[in-house]
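Fold and contact review
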Amino acid sequence: MKRVEQHVCFGGMQEVWSHESATLGCTMQFGVYLPPQAAEGPCPVLYWLSGLTCTEQNFITKAGAQQYATEHGMILVAPDTSPRGEGVADDEAYDLGQGAGFYLNATRDPWAKHYRMYDYVVEELPARVERHFPASDARSVAGHSMGGHGALVIALKNPGRYRSVSAFSPIVAPSRVPWGEKAFGAYLGNDRESWKAWDACELVAGASERLPLRIEQGGGDPFLDEQLQPQLLEQACRAANHPCDVRIRPGHDHSYYFIASFIGEHMAHHAAALKR
């Protein structure tokens, strides 16, 4: 592990670290915010998964979450959104390849060699964080857009591993919208039955844990009707009697202006769960 950035921020320290990932077969970076409480002992961790085209930088520079992490004594960890580098498969489009890992384990060439973001986020990254930083094993997960999809899927597939989950503008039904259909077809192949393992609306039906799903959605989001469709998750949760809280915020779009407006509420939501 190599530290590549360090900045004092709200009484704590915002850092960026680089490491060789055995899971992804490339060099990866992640941001970690250490609140001042981390100097006194282990702190719980909120993992943030970003959206299409993002790196670890978007969340740590735009969301303003560090002030709330200091308030609640939480470590923030923000990984990159995909494997990267020479030799890693890519595509000219913004919604496939590098910057578009979709937080799944690819099974189809040429993607299968490197695109295992699910294993990286669930297993390798927390192991590194809990080994190298004063982090407890109390974890929560959140994300935005593609990362919101990742947060929901990861929480639903791992009962008992996360104390809470929330998402801003998530892709809730990737099997049924253009972004997800393109990515799943490339990474997983044309068998749509196999896609269900990476679709929050499908996973809710068989969830063994009733972890409440907290969703924040901008009413003015240009992707709302075609790509996001939070009503599909609401319908799936009603059918499965799974707790789900979808909040439509009039006028807000898909940007970090939206995230920054409500990140404090989400941090408080996670802090309450992490302290239980």
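Because the structure is predicted, anything quoted here is derived from the model rather than measured.

So, how was this worked out
- Residues numbered from 1 in each chain as written.
- Predicted model: local features only at pLDDT ≥ 70, side-chain atom pairs only at ≥ 80, totals over all residues.
- Heavy atoms only, no water.
- Buried < 20%, exposed > 50% of the residue type's maximum accessible area, 1.4 Å probe, protein only.
- Helix = DSSP H or I, 4+ residues; strand = E, 2+ residues; numbered from the N terminus.
- Pairing = 2+ DSSP bridges.
- Right-handed = clockwise from strand over helix to strand, strands pointing away.
- Contact = heavy atoms within 4.5 Å.
- Axes fitted to C-alpha atoms, helices over the stretch in contact; angles between N-to-C directions.
- Core = buried A, V, L, I, M, F, W, Y, C linked by side-chain atoms within 4.5 Å.
- Arc of directions from axis to C-beta.
- Polar contact = N/O pair within 3.5 Å; in protein donor to acceptor, adjacent residues only side chain to side chain.
- Phe/Tyr/Trp six-rings, centres within 6.5 Å; stacked < 30°, edge-to-face > 60°.
- Lys NZ or Arg CZ within 6 Å of the ring centre and 35° of its normal.

Time to look at the pairing of strand β6 (residues 135–144). With eight of 10 residues buried, β6 lies mostly within the body of the structure. Pairing of strand β4 (residues 43–49) with β6, which is carried by six bridges, proceeds in the parallel orientation. Bridge pairing in β6 links Trp48 to Ala142. Handedness of the β6-helix α4 (residues 146–157)-strand β7 (residues 165–168) crossover: right-handed.

Here we take up the environment of Ala183. Relative to the helices and strands, Ala183 resides in helix α5 (residues 178–188). Residue Ala183 is classed as buried on the basis of its relative accessible area, which comes to 0%. Taking the C-alpha atoms as reference, Ala183 lies 6.1 Å from Leu96; in sequence the two are 87 residues apart. Setting aside chain neighbours within four positions, we find Ala183 in contact with Leu96, Phe102 and Leu188.

Think of a sheet as strands paired side by side through backbone hydrogen bonds, with each pair either parallel or antiparallel. The sheet built from nine strands is open, its strands ordered β1-β2-β3-β5-β4-β6-β7-β8-β9 with mixed pairing. The open sheet has two edge strands, β1 (2–9) and β9 (244–249), and neither has a second partner. With strand direction ignored, the average angle separating the axes of adjacent strands in the sheet is 20°. Where strand β3 (residues 26–34) meets strand β5 (residues 75–79), four bridges bridge the pair, whose relative direction is antiparallel. In the sheet register, Val32 faces β5, and the bridge partner there is Val77. On top of the sheet, helix α10 (residues 256–274) reaches β4, β5, β6, β7, β8 (213–218) and β9; it is set at about 175° to β7, its chief contact.

Counting buried positions over the 11 residues of α5 gives eight, a clear majority of the element. All of the buried residues along α5 are Trp179, Gly180, Ala183, Phe184, Gly185, Ala186, Tyr187 and Leu188. A positive backbone phi angle near 95° is found at Gly189, which sits one or two residues after α5.

Glancing now at the nonpolar core. Grouped together as the largest cluster of nonpolar side chains are 72 residues, with contacts concentrated most on Phe30, Val77, Phe102, Val129, Leu152, Tyr187 and Leu233. Ranked by size, the runner-up nonpolar core spans 24 residues in total, among them Leu46, Ala63, Leu76 and Tyr256.

Helical geometry note: an α-helix holds 3.6 residues per turn, so side chains three or four residues apart project in the same direction. Those residues of helix α9 (residues 230–240) that fall on the buried side of the exposure criterion are Pro230, Leu232, Leu233, Ala236, Cys237 and Ala240. Within α9, the buried residues cover an arc of 150° as seen down the axis, which keeps them to one side. In this structure, α9 carries Arg238 and Ala239 as exposed residues pointing more than 90 degrees from its buried face. Residues of α9 that are buried make contact with α4, α7 (200–205), β8, α8 (224–228) and β9. Following α9 by one or two positions, Asn241 adopts a phi angle in the positive range, close to 55°.

If you trace the backbone, Arg163 turns up in the loop between α4 and β7. Arg163 sits 109 residues away from Ala272 along the chain, and the two C-alpha atoms are 9.4 Å apart. Not counting residues up to four positions away in its chain, the partners in contact with Arg163 are Ala138, Arg139, Ser140, Leu211, Ala273, Leu274 and Arg276. At 3.2 Å, the side chain of Arg163 and the backbone oxygen of Leu274 are in polar contact.

What follows covers unusual backbone geometry. Of note, the bond from Asp109 into Pro110 is cis; its omega dihedral lies within 30 degrees of zero at 0°. Residue position: Pro110 is located in the loop between β5 and α3 (117–132). Even without being a glycine, Thr53 presents a positive backbone phi close to 75°. Locating Thr53 in the fold gives a position in the loop between β4 and α1 (56–62). The phi dihedral of Asn241 falls on the positive side, at around 55°, and the residue is not glycine.

Okay, the packing of aromatic side chains next. Enumeration according to the criterion identifies 13 aromatic pairs in this entry. Pairing Trp111 with Tyr115 gives two aromatic rings, centres 5.3 Å apart and planes at 85°, and the pair type is edge-to-face. By relative accessible area, which is 1% here, Tyr115 ends up buried. Ring centres of Phe184 and Trp195 lie 5.8 Å apart, and the angle between their planes is 80°; on these two criteria the pair is classed as edge-to-face. Of this pair, Phe184 sits in helix α5 while Trp195 sits in helix α6 (residues 192–195), and the two are 11 residues apart along the sequence. Using a relative accessible area of 4% as the deciding quantity, one classes Trp195 as buried. Grouped by ring-pair contacts, the aromatic residues Trp48, Phe59, Phe168, Phe258 and Phe262 constitute a single cluster. Here the basic side chain of Lys157 rests over the ring of Tyr118, its NZ or CZ set 5.6 Å away from the ring centre.

Bear in mind that shape data such as this cannot, by itself, settle questions of function.
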